[in-house]
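For reference, the chains in residue letters:
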Amino acid sequence: MNPRHRRLLIPGLLVALLIIVVVSSLADRAGAATSGEPVSRISDARITESSGLVIDRADAGLAYTINDSGNAAAVYAVDVPTGRVVGSATPAATFTDTEALSADRAGTLWVADTGDNNRQRSDVALYSLPAFGREDGGAVSVKRFPLTYPEGRRDVESLVVNPRTDEKFLLTKGLLGGEVFALPDRLEQDEPNRVRVLDATVPGMLTDAAFTPDGAYVVARSYSRAYVLDARTWKQVDTLALPSVRQGETLAMEPDGRSILVGSEGGDSPLFRVAFAAPVPEVEPTERAGTAPAAGAPATPDQGPPEGGNGFAGATWLWAGVVIALLAVISAAATRSR
């Protein structure tokens, strides 16, 4: 390549990278303006890394949330319309990296201490505790159920409990696609509960999920979008745009099944309501999930931002990576030529 052209190419690629990032950012924000209705903000200073969200079974205006790793072991009750913390409970346990929160038919809360970014934990577990509503529950006793995976360690940020059958599933946070694990019907406290891998693939970078009220579908989110999954086959049947937030890690299904609540990590984190319309199920929704044949591959997965990211679409990071790789190749070639 002509040296003069080479000198011009590198600045040109840098400009192209900048344009890609800016355009993608503006596109994300423009789409976000119509993808969710602002509801409230969780401004309590104790909640800085909201990483799990579930609506109380008996109170549609109340949600529970937990913090990510490095925070006190606590569950908070949030008044959804105002974002105010109206109750809290301190489980008698030591949490490591709590990533998901769900509730069963009886309203019992289930906390997934399953985060494992570095794939090095041997102490992942579920915890259950009674719902405490709009009051200070103080120190509460919990039940701990240790888990083990069939083939190596996994990073799991999504726990879903079927509201009709109480079946429990974990969705892994894989880069290009995730796995689905079914938990035993009966969980033991004094020995590891070996989860069962299903012959299914879900989209990548999932950070939270929830069942629809009829148990027919699971809505799972990544950093910038949500996926509607058939709960029998785990095939993707729809996609939803989500509001652009700092680091989207929470999703809760509202009781009427017509909307979902989504939130973000960070202080003063917003809650948005996103309209939802479930497809008409082809079979009775009470059929046990995960028993159908293998699921097909999902649509192009969302790469999402890295931890602490800003919600750009996955395509931004893909193109940025391509440009950076080209710059590296050109730079190396220039060095060799000199």
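Above this note sits the structure.
Fair warning: this is a prediction, and the values are worked out from it, not measured in the lab. (Residues numbered from 1 in each chain as written. Predicted model: local features only at pLDDT ≥ 70, side-chain atom pairs only at ≥ 80, totals over all residues. Heavy atoms only, no water.)

J.: Go over the packing of aromatic side chains with me, naming the residues and quoting the values.
T.: Taken as a whole and assessed by the stated rule, the structure comprises six aromatic pairs. Taking 5.0 Å as the distance between ring centres and 65 degrees as the angle between the ring planes, the aromatic pair formed by Phe 95 and Tyr 127 counts as edge-to-face. Residue Phe 95 is located in the loop between strand E5 (85-91) and strand E6 (100-103), and its partner Tyr 127 is located in strand E8 (residues 125-129); the two are separated by 32 residues in the primary sequence. Taking the relative accessible area as the measure of exposure, Phe 95 reaches 14% and is therefore buried. (Phe/Tyr/Trp six-rings, centres within 6.5 Å; stacked < 30°, edge-to-face > 60°. Helix = DSSP H or I, 4+ residues; strand = E, 2+ residues; numbered from the N terminus. Buried < 20%, exposed > 50% of the residue type's maximum accessible area, 1.4 Å probe, protein only.)

J.: Lay out the pattern of salt bridges with the relevant residues and their values.
T.: Applying the stated criterion to the full structure yields 12 salt bridges. Note that Asp 44 is salt-bridged to Arg 46, the shortest N-O span being 2.9 Å. By relative accessible area, Arg 46 is classed as partly exposed at 41%. In the salt-bridge network here, residues are joined through shared partners; they are Asp 59, Asp 79 and Arg 134. (Salt bridge = Lys/Arg side-chain N within 4 Å of Asp/Glu carboxyl O.)

J.: Run through unusual backbone geometry, naming residues and quoting values.
T.: In this structure, Trp 234 is a non-glycine residue whose phi angle is positive, near 65 degrees. With respect to the secondary-structure elements, Trp 234 resides in the loop between strand E18 (225-230) and strand E19 (236-241). We classify Trp 234 as buried; its relative accessible area is 1%. Unlike most non-glycine residues, Asp 268 shows phi in positive territory, near 55 degrees. Inspection of the secondary structure puts Asp 268 in the loop between strand E21 (259-264) and strand E22 (269-275). Residue classification places Asp 268 among the partly exposed positions, given a relative accessible area of 38%.

J.: Tell me about the sheet that holds strand E7 (residues 109-113), residues and numbers included.
T.: The strand order across the open sheet formed by five strands is E6-E7-E8-E10-E14, and the pairing between neighbours is mixed. A strand with exactly one partner marks an edge of an open sheet, and here the two such strands are E6 and strand E14 (193-194). Examined bridge by bridge, strand E10 (residues 143-148) and E14 share two bridges and lie parallel to one another. Bridging from a neighbouring strand, Thr 148 pairs with Arg 194 of E14. (Pairing = 2+ DSSP bridges.)

J.: Provide a residue-level description of the nonpolar core, including the pertinent values.
T.: Ranked by internal contacts, the top residues of the largest apolar core, which has 19 residues, are Tyr 64, Val 75, Leu 109, Val 111, Leu 129 and Phe 132. Elements with a contribution of two residues or more to this core: strand E3 (62-67), strand E4 (75-79), E6, E7 and E8. Look past the residues within four positions of Tyr 64 in its chain and what remains in contact with it is Gly 52, Leu 53, Val 54, Asp 56, Val 75, Tyr 76, Ala 77, Leu 101, Leu 109, Ala 131, Phe 132 and Gly 133. Of all hydrophobic cores here, the second largest spans 17 residues; its members include Phe 169, Leu 206, Phe 211 and Ala 231. (Core = buried A, V, L, I, M, F, W, Y, C linked by side-chain atoms within 4.5 Å. Contact = heavy atoms within 4.5 Å.)

J.: Tell me about the environment of Val 142, and please be specific about residues and values.
T.: Along the polypeptide, Val 142 turns up in the loop between strand E9 (136-140) and E10. Note: C-alpha distance between Val 142 and Ser 128 (14 residues apart in sequence) is 5.6 Å.

J.: So what's going on with the pairing of E21? Residues and values would help.
T.: Taken across its six residues, E21 has six buried, putting it largely inside the fold. Residue alternation in E21 divides its side chains into two sets, Ser 259, Leu 261 and Gly 263 and Ile 260, Val 262 and Ser 264, and both sets are buried. Inspection of the sheet shows strand E20 (residues 248-253) paired to E21 by five bridges, in the antiparallel sense. Among the inter-strand pairings, Thr 250 is bridged to a residue of E21, identified as Gly 263. In this structure, the hairpin formed by E20 and E21 is closed by a connection of five residues, where Gly 257 is found at a positive phi of approximately 70 degrees. Strand direction decides the pairing type here: E21 and E22, joined by four bridges, are antiparallel. The residue bridging Val 262 from the neighbouring strand is Phe 272, located in E22.

J.: Please set out the pairing of strand E2 (residues 50-55) residue by residue, giving values where relevant.
T.: Counting buried positions over the six residues of E2 gives six, a clear majority of the element. When E2 meets E3, the two strands line up antiparallel, connected through five bridges. Within the sheet, the bridge partner assigned to Leu 53 lies in E3 and is Thr 65. Counting the residues in the hairpin turn of E2 and E3 gives six residues.

J.: Hey, could you go over the environment of Val 85 for me, with residue numbers and the actual values?
T.: By the element assignment, Val 85 lies in strand E5. Residues Val 85 and Thr 65 lie 20 residues apart in sequence; the distance between their C-alpha atoms is 9.8 Å. With residues near it in sequence (within four places) discarded, Val 85 still touches Asp 44, Arg 46, Ile 47, Tyr 76, Ala 77 and Val 78.

J.: Provide a residue-level description of the sheet that holds strand E15 (residues 196-197), including the pertinent values.
T.: Each strand in a sheet pairs with another by means of backbone hydrogen bonds, the pair being arranged parallel or else antiparallel. With antiparallel pairing, the four strands of this open sheet are ordered in space as E11-E12-E13-E15. What marks the edges here is a single partner per strand, and that holds for strand E11 (156-161) and E15. Two elements, strand E13 (residues 180-182) and E15, share two bridges in a ladder whose sense is antiparallel. Its bridge partner lying in E15, Phe 181 is registered against Val 197.

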